[in-house]
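Structural overview
This is what each chain is made of:
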Amino acid sequence: MKFSPVRMLLNPMMKAPKVTLMTAVLVVDMLNDYRHPDAEQLAESVSTVIDPLVGLIEEANRRDDVDLIYVNDNRGDFTADYRTIISGALDGARPDLVEPVLPQSDWLSLLKVRHSVFYATSLDYLLRRLETRRLVLTGQVTEQCVLYSALDGYVRHFEVVVPPDAVAHIDAGLGAAALEMMRRNMSAQLEDAAQCLK
């Protein structure tokens, strides 16, 4: 099992490695049933980012200096847990876009209630315990949840990285504008998925 400071807190016998975990890859809202307005446009974009995103997830999972954290919207269901969210996504309109990015049972995962991964979640506390300094934001939607999460990360003094080939948009123009806003206004680094953990 990959080392995590959170797991070490739960198991005092576990010894910490010499590396310091400084980067967290956040996978945002990829467990989607694609049964909502604009789902067709979103799914078209998601289909173009799946391969780079899967590569980034696999690389993050291999690395001891990177934490991998899934943050997914509960879609208004306050009785939902991750099993419910996964089941709903797999039973949705595009399971082919869900299956490649399914989290393993021991991966870190949080549910959110609004656009930002920080709003009303324990993510900020978790990142501080992990001593994270750098966030790599992936998933959907570029001009919505990714944008607002980048802003919330920036105002909390995290270094923000967004791989344009691992975030999906609904509107291509707004997605491009959001990436430019993140670069200019939030000092976000825009680096391809294959390069952002180098």
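Look up a bit, the structure's there.
Residues numbered from 1 in each chain as written. Predicted model: local features only at pLDDT ≥ 70, side-chain atom pairs only at ≥ 80, totals over all residues. Heavy atoms only, no water.

1. A short note on helix H5 (residues 142-155)
Taking 1.5 Å per residue, 14 residues should reach 20 Å; H5 reaches 18 Å between its end C-alpha atoms and fits that length. The set of residues buried in H5 consists of Thr142, Glu143, Cys145, Val146, Leu147, Ser149, Ala150 and Gly153. Looking at the packing, one finds that the buried side of H5 touches strand E1 (23-28), strand E3 (108-112), strand E4 (134-140), strand E5 (159-162), strand E6 (167-168) and helix H6 (172-185). Just downstream of H5 lies His157, where phi reads positive at about 70°. (Helix = DSSP H or I, 4+ residues; strand = E, 2+ residues; numbered from the N terminus. Expected span 1.5 Å × (residues − 1). Buried < 20%, exposed > 50% of the residue type's maximum accessible area, 1.4 Å probe, protein only. Contact = heavy atoms within 4.5 Å.)

2. With respect to unusual backbone geometry
The omega torsion of the bond from Gln140 to Val141 falls at 0°, within 30 degrees of zero and hence cis. Turning to its location among the elements, Val141 is positioned in the loop between E4 and H5. The phi dihedral of Asp38 is positive, around 70°, even though this residue is not glycine. Here the phi dihedral of His157 falls at roughly 70°; this positive angle occurs in a residue that is not glycine. Residue position: His157 is located in the loop between H5 and E5. Looking at His157, the relative accessible area reads 71%, which means it is exposed.

3. Considering the packing of aromatic side chains
Inspection of every chain in the model, using the stated rule, returns 2 aromatic pairs. Ring plane angle 25° and centroid distance 6.1 Å describe the contact between Phe118 and Phe158, whose orientation is recorded as stacked. Pair noted here: Phe118 is in the loop between E3 and helix H4 (123-130) and Phe158 is in the loop between H5 and E5, with a separation of 40 residues, a long-range link. Assigned by exposure class, Phe118 and Phe158 land together as buried. (Phe/Tyr/Trp six-rings, centres within 6.5 Å; stacked < 30°, edge-to-face > 60°.)

4. A word on H4
Side chains of residues three or four places apart in an α-helix project in the same direction, reflecting 3.6 residues per turn. Those residues of H4 that sit buried are Leu123, Leu126, Leu127 and Leu130. Angular distribution of buried residues about the axis of H4 spans 95°; they occupy a single face of the element. Just beyond H4, the residue with positive phi is Glu131, at close to 60°. (Arc of directions from axis to C-beta.)

5. Examining the side chain of Asp29
Here Asp29 shows up in the loop between E1 and helix H2 (39-62). A relative accessible area of 9% means that Asp29 is categorised as buried. Residue contacts for Asp29: discarding those within four places in its chain leaves Val71, Asn72, Asp73, Lys112, Gln140 and Cys145.

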